[in-house]
Amino acid sequence: MSAEAAPKHGLILAVNAGSSSLKISLFRKDGASPENPHDVVDLLLTSTITNISQPPASFSFSLASHAEGREAKKEPVKEIKDHASAFQHFLDYLKREASIDRSEIVHICHRVVHGGDYFEPVIITDESYHYIERLSDLAPLHNGGALSVMKACIAELPNANSIAYFDTSFHRTMPQHIAMYAIRQDIAKKRGLKKYGFHGLSYAYILRAVSSFLGKDPSQTNLIVMHLGSGASMCAIQHGKSLDTTMGLTPVSGLPGATRSGAIDPSLIFHYTNRAGRISHDRSVAVDVHVTQAEEILNKRSGWAALTGTTDFGAIVREMKAVEARRARGEEVREEEGKWKVAFDLFLDRIVGYLGAYYVKLEGEVDALVFAGGIGERSVELREAVVEKVKCLGFALDEGANSEVDGKEGAVVDIGKLKDVRRVLVCRTDEQLEMAKECAMDAKFWQQD
């Protein structure tokens, strides 16, 4: 399909497909005022579907105060088996329970994790669809889900433009020597082997929100941002542009995640899979490790799930604190119960390692440390531990503010002791809102006067 300019007050649907979840927000394009130039969309509703790969899926549907309809909170839905059926359930619910005509939806914004050489949003056509499809091997946990939702959107909402927004776009400003790997460049260029970086829509939103909070122009803002969730990454932002980020060619590099290994010695995978049961270079015990097998191990069978048996970082913190409390009372603690603290400490170590490196890359000119993502926004303990580790750099935490983040309103919450320099902030990132704003402000998608 080709792009068609839409009526100025049409609806924008923003769709964010995770590895086992689907987050959807519906906005109406609104006119920005001189006082609030970025208030270009008005939120109508949100929907979240989780546990898609581990049925029954859980469905939630929440309306803005001025919208009418029936809300849903974590309702189990047996019919949801994949991302496409999850989106179909949303559309059915929207038609049945909300006072919104889906024919008013003129643009559908899709978060796509890996965009390869696409650096700007693109209308989904046969050509762009198949290009994104070919990149699925580089983002196996996400691109596939996004593609299945695109198909469903084109089938169910044929008069709306489906537009892909890429997580990799934000990082196109990384200097060549940072994005480059020390391998033969003729092969690297031919195969696109370089650092792309991810979570770009989140970083774009955070830059916009934090620079506004600090009263600075984005082009004058330097940040170290920690997007910490089941998929975790960090980014050094210099003068409003990505200088470096922890993820690389694929999202598996950098920080560990719920099921991702993070950065490892590249040869580890061969020793991990050999038949010797130990480190060995004996060819007789070698196993042919295909890319798909290696990525399965490093993407889906690693991370803190491999260390502890759970993907829930909140549960890891609770178990760690319970074990420490028992130890403090003089009770017996089994050696295997140390796994909770080991997983926490490993994650902490990797975070502060990158944080220190980025502080040096920014030559100490850092306006704020920013915590974001599900863990970054919710884990009081991890935020406290990180800031304690980097107090030598001049950062300090307000413990009271840190413990009360959940009760604070707004996209950005200040949890630092220092209010003029070395700020420590929490940002409630919103990738759907970022896509909707970018769509609303892009003149080529809208009819002009």
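Residues numbered from 1 in each chain as written. Predicted model: local features only at pLDDT ≥ 70, side-chain atom pairs only at ≥ 80, totals over all residues. Heavy atoms only, no water.

Labelled according to an unreviewed UniProt entry, the chain appears under the name Probable acetate kinase, originating from Trametes coccinea. What UniProt states about the chain under its Pathway (unreviewed entry) heading is, verbatim, "Metabolic intermediate biosynthesis; acetyl-CoA biosynthesis; acetyl-CoA from acetate: step 1/2." Quoted verbatim from the Cofactor (unreviewed entry) heading of the UniProt record, the comment on the chain is "Mg(2+)". (UniProt positions renumbered as here; feature names shortened; annotations may be inferred.)

Visitor: What is the right way to look at unusual backbone geometry in this model?
Guide: Across the junction of Pro55 and Pro56, the peptide omega takes the value 5°, indicating a cis bond. Along the chain, Pro56 falls in the loop between β3 (41-50) and β4 (57-63). Within the chain, His199 stands out as a residue other than glycine whose phi angle is a positive 60°. Within the fold, His199 resides in the loop between α5 (185-191) and α6 (200-214). Phi is positive for Glu363, which is not a glycine, with a value near 55°. Within the secondary structure layout, Glu363 lies in the loop between α11 (339-361) and β12 (368-372). (Helix = DSSP H or I, 4+ residues; strand = E, 2+ residues; numbered from the N terminus.)

Visitor: Would you mind showing me how to read the sheet that holds strand β7 (residues 122-123) here?
Guide: Hydrogen bonds between backbone atoms are what pair the strands of a sheet, whose relative direction is either parallel or antiparallel. On the basis of which strands lie adjacent, the open sheet formed by eight strands has the order β5-β4-β3-β2-β1-β6-β8-β7 and mixed pairing. Of all strands in the sheet, those with a lone pairing partner are β5 (72-77) and β7, marking the two edges. Pairing of strand β1 (residues 11-17) with strand β2 (residues 22-29), which is carried by seven bridges, proceeds in the antiparallel orientation. When the sheet's bridge partners are listed, Ala14 is paired in β2 with Ser25. (Pairing = 2+ DSSP bridges.)

Visitor: What am I meant to see in helix α1 (residues 83-97) here?
Guide: Within an α-helix, residues lying three or four positions from one another point in the same direction, as the helix has 3.6 residues per turn. Along its 15 residues, α1 runs 21 Å from first to last C-alpha, staying within 8% of the 21 Å computed at 1.5 Å per residue. Along α1, the residues that are buried comprise His83, Ala86, Phe87, His89, Phe90, Leu91, Tyr93 and Leu94. (Expected span 1.5 Å × (residues − 1). Buried < 20%, exposed > 50% of the residue type's maximum accessible area, 1.4 Å probe, protein only.)

Visitor: I keep staring at the UniProt feature "binding site: substrate" (unreviewed entry) in the chain and nothing clicks. Help me out?
Guide: Here the UniProt feature "binding site: substrate" (unreviewed entry) sits at Arg111. Take Arg111: it is sitting in strand β6 (residues 105-112). According to the relative accessible area criterion, Arg111 is buried, its value standing at 9%. A polar contact of 3.1 Å, which involves the side chain of Arg111, links it to the side chain of Asn16. (Polar contact = N/O pair within 3.5 Å; in protein donor to acceptor, adjacent residues only side chain to side chain.)

Visitor: What's the story with the environment of Met150 in this structure? I'm lost.
Guide: When you line up the elements, Met150 lands in helix α3 (residues 143-156). Relative accessible area serves as the criterion here: at 0%, Met150 is assigned to the buried category. With 140 residues separating them in the primary sequence, Met150 and Gly10 have C-alpha atoms 19 Å apart. If we skip the residues at most four places from it in the chain, Met150 touches His110, Val112, Ile124, Tyr129, Ile132 and Ala164. (Contact = heavy atoms within 4.5 Å.)

Visitor: Looking at this structure, I do not really get the UniProt feature "binding site: ATP" (unreviewed entry) in the chain. What am I missing?
Guide: Listed under "binding site: ATP" (unreviewed entry) in the UniProt record, and renumbered for this structure, are Lys23, His227, Leu228, Gly229, Ser230 and Gly231. Residues in contact with Lys23, not counting those within four places in the same chain, are Ala14, Val15, Asn16, Ser47, Thr48, Glu431 and Gln432. For Gly231, the location among the structural elements is in the loop between β9 (223-227) and β10 (233-238). The residues contacting Gly231, other than those within four sequence positions of it, are His199 and Arg260.

Visitor: Explain the state of the cysteines to me, please; I cannot follow it from the model alone.
Guide: In a disulfide, the sulfur atoms of two cysteines are held together by a covalent bond. Applying the stated criterion across every chain yields a total of zero disulfides. You can see Cys109 has no disulfide; the closest cysteine sulfur is in Cys439, sitting 4.0 Å from it. The exposure class of Cys109 is buried, given its relative accessible area of 0%. Not engaged in a disulfide, the cysteine Cys427 finds its nearest cysteine sulfur in Cys235; these two sulfurs lie 13 Å apart. (Disulfide = S-S within 2.5 Å.)

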